[in-house]
Number of protein chains: 2
Amino acid sequence: MRGPTLKDLAEKLGLSITTVSRALGGYSDVAEATRQRVLQAAEEMGYVPDVTARRLQKGRTDTIGFVIPTFGPRFSDPYFSELLAGIGNEAARQNFDLLVSTRAPDTPEEKQAYRRMVEGRLVDGLLVVRTRVKDPRITYLSNLGFPFVSFGRSDLAVDFTYLDVDGALGMEWVAQHLIALGHERVAYISAPQDLMFCIHRSKGLQATLQRNGLSLRSGHLVVCDLTEGGGFKAMNQLLDLNPRPSAVVACNDLMAMGAMSAAQRRGLAVGHDVAITGFDDIPLAQHAHPPLTTVRQPIYDIGRRICRMLIRMIRGEELPERHVLLEPELVVRESSGIG
Amino acid sequence: MRGPTLKDLAEKLGLSITTVSRALGGYSDVAEATRQRVLQAAEEMGYVPDVTARRLQKGRTDTIGFVIPTFGPRFSDPYFSELLAGIGNEAARQNFDLLVSTRAPDTPEEKQAYRRMVEGRLVDGLLVVRTRVKDPRITYLSNLGFPFVSFGRSDLAVDFTYLDVDGALGMEWVAQHLIALGHERVAYISAPQDLMFCIHRSKGLQATLQRNGLSLRSGHLVVCDLTEGGGFKAMNQLLDLNPRPSAVVACNDLMAMGAMSAAQRRGLAVGHDVAITGFDDIPLAQHAHPPLTTVRQPIYDIGRRICRMLIRMIRGEELPERHVLLEPELVVRESSGIG
DNA sequence: ATTATATCCCAAAACGTTTCGGATGTCAAA
DNA sequence: TTTGACATCCGAAACGTTTTGGGATATAAT
């Protein structure tokens, strides 16, 4: 059941382990004829090097780690599957393996997953996503000098390599769009405020409103989790207000979909009686009814890019930019107003 | 930067590597006092065993592999993130690591990913999902006798361990539901017919229609990929027909959402002018507009379960059932008819 | 004939564990 | 005093690679 080893090959060929190894490694100090013999025997016997042994010897794993922050038992987020596809494809392209762990954020289990990957030397570098205020993961990794790239900034004093999307700018566009449509009672469905991306988006929204003489009235900011269910509940709260908001900005698309659902269940026409916007532009946004106005960030590409940055870092290459801030793109569809 | 090894600990304590190792391993042939000394020193120096070295010695990896079949660059599927969460959480609970690869199905790259994991001895077992007709992955793994559990059956002669949801039964219920509502012109948006789950669903649908004197008319079966975009295009084709179908059954929820979108873009009221159903019951189905009639399968639990089965298998334990077939559940919402 | 230079090959160490088979010392029973 | 039993510890081998630092042989230059 277990495959042949270098030793088996060497014995069969009457060569030393060293020579077989070097032949396969393409070293120039083995005769071309021998090399061919080795190659052929390896092929015949179905030799595949034992990755574990190689890792132990080389002192590196050629593996990158990714701890996915999952919430609750039903973690169903199209956003993450797309990010994962980007990361996975890029890793494969560069001959890296990908070790994945799914853990609830800010728990001992999450901490343990990071420690295991880092201190157990399971991976050469880590990808950190959904950065949080005073993110302990970043402190931990920075202190150790362990290679990592984060998708999202932080409010810590330490300097680290990250890629982020300018959420404040995205929300500025959303706000301007809504203001241009004449909305004055704008409400905001926010994710928990310890998430950095949420903080940036909130700031962008509120700053732009204020610059235009508006603001979130009391009760017009409601916090919920990042799911359709959360958005649904939050929207119901908002619609109980009197007067109710004329426009509702959600922190991501999933929440926006939930919000639309809540409005529609009350008989309101989204895009008419109330404007709703999201953030992310997941593929479903385009096929929602009505199609969702949102802010696009290239999730798949982001996955590839942070993965590429990390691998460069691991290889010890100099990164062209250690801090990347992407401009998102406003995508206007019908949920924010028809006509 | 690299952490301390057993050797470092042993030197510091004036003990042998063996004793330190056995002390940490909780063996009874080391004095309690020594054990405490070792434990404390390990704690102080922040000793964490090198997982790679341990793997090489033990001859197993305590890792399970999972190759996610991804389509195209934008692979955004809530279904998979939920499945992954189930798998990941169960694996972690049992102290297994999870190695993930993302590859397009039926490509040389996919084959290579499997070979690497198996023959490179990177994992102790594999999870196979989205089984296909004459699935080469199953043939490959069966021939080698490599431990794996599949989510989905196959049409191969070989016997292997699987868990599946009875798609035929699910579709039977969908069909009966639509027939009870009086529909006679039922159309079907199918996924590529080399996917086993699709075959089962198709059969269930067609058999039930036939048993009731109905059938899919020509042009009423259209095949597309498993995305919203696919469903959207397929639905447009169906709506160009004259007479157009009065009910459209989609092979999964994502496609159903696309189909709804297409119908609505033509001014049709879903659930009124045309009935639409899905399959999976992703969380978004509930918050679609109108909410989507669909068939529920417990994706998260399935993830946990196949993972648990695989780990049992790896541990050499006897499985209570090698073939599990779950009954899905019809969830009637408004997209199939209002009133 | 001697020395230099390639060319081809290999033994042994190393990576950090776990485990097998003793080795040593102590103490009680014979 | 010897024997056995027990408690505690350790040296060395093993897992399968890669790499280091030569060694042997043949050919070419002096």
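Residues numbered from 1 in each chain as written. Chains lettered and ligands numbered in written order. Predicted model: local features only at pLDDT ≥ 70, side-chain atom pairs only at ≥ 80, totals over all residues. Heavy atoms only, no water.

### Focus: the interface of chain B and chain A
As a measure of interface size, the accessible area lost when the parts come together is often cited.
Okay, step 1: The interface is formed by 63 residues belonging to chain B together with 64 residues belonging to chain A.
Okay, step 2: Summed over both partners, the interface of chain B with chain A buries about 5700 Å², with 55% contributed by carbon and sulfur atoms.
Okay, step 3: By the criterion of area lost to chain A, the three top residues of chain B are Arg74(B), Arg121(B) and His287(B), representing 13% of everything that side buries.
Okay, step 4: Between the two partners, chain B and chain A, sit 6 salt bridges.
Okay, step 5: Here Arg74(B) and Glu82(A) are joined by a salt bridge, their closest N and O atoms 2.7 Å apart.
Okay, step 6: Across the contact surface, chain B and chain A share 26 residue pairs in polar contact (both at pLDDT 80 or more).
Okay, step 7: Put simply, the parts of the chain that give the side of chain B that touches chain A at least two residues each are helix H4 (51-58), helix H5 (78-93), strand S2 (97-103), helix H6 (108-119), helix H10 (228-239), helix H11 (253-265) and helix H12 (283-286) of chain B.
Okay, step 8: Looking at the side of chain B that touches chain A element by element, the count peaks at 8 residues for H5(B).
Okay, step 9: Here 3 bridges tie strand S2 (residues 97-103) of chain A to S2(B), and the two strands are oriented antiparallel to one another. The residue bridging Leu99(A) from the neighbouring strand is Leu99(B), located in S2(B). (Contact = heavy atoms within 4.5 Å. Buried area = accessible area lost by both parts, 1.4 Å probe. Salt bridge = Lys/Arg side-chain N within 4 Å of Asp/Glu carboxyl O. Polar contact = N/O pair within 3.5 Å; in protein donor to acceptor, adjacent residues only side chain to side chain. Helix = DSSP H or I, 4+ residues; strand = E, 2+ residues; numbered from the N terminus. Pairing = 2+ DSSP bridges.)

### Some words on the packing of helix H1 (residues 6-13) of chain B against helix H3 (residues 32-45) of chain B
Residue and element names in this part refer to chain B.
Okay, step 1: One can describe the packing of H1 onto H3 by two numbers: an axis separation of 10 Å at closest approach and a directional angle of 120°. Overall, the two elements H1 and H3 adopt an arrangement that is oblique. Note that H1 runs across H3; the crossing there is right-handed. Taken together, the residues of H3 that come into contact with H1 (itself represented by Asp8, Leu9, Lys12 and Leu13) are Arg37, Val38, Ala41, Ala42, Glu44 and Met45.
Okay, step 2: For the contact of H1 with H3, the per-class residue count stands at 6 nonpolar, no polar and 4 charged. (Axes fitted to C-alpha atoms, helices over the stretch in contact; angles between N-to-C directions. Parallel < 35°, antiparallel > 145°, perpendicular 65-115°, else oblique. Left-handed = near helix turned anticlockwise from the far one by under 90°. Nonpolar A, V, L, I, M, F, W, Y, C, P; charged D, E, K, R; others polar.)

### Quick look at the nonpolar core
Okay, step 1: Membership of the largest hydrophobic core comes to 98 residues, with the highest contact counts inside it found for Ile189(A), Met235(A), Ile276(A), Ile189(B), Met235(B) and Ile276(B).
Okay, step 2: Membership of the second largest hydrophobic core comes to 62 residues, among which are Ile68(A), Tyr79(A), Val324(A) and Ala85(B). (Core = buried A, V, L, I, M, F, W, Y, C linked by side-chain atoms within 4.5 Å. Buried < 20%, exposed > 50% of the residue type's maximum accessible area, 1.4 Å probe, protein only.)

Bear in mind that shape data such as this cannot, by itself, settle questions of function.
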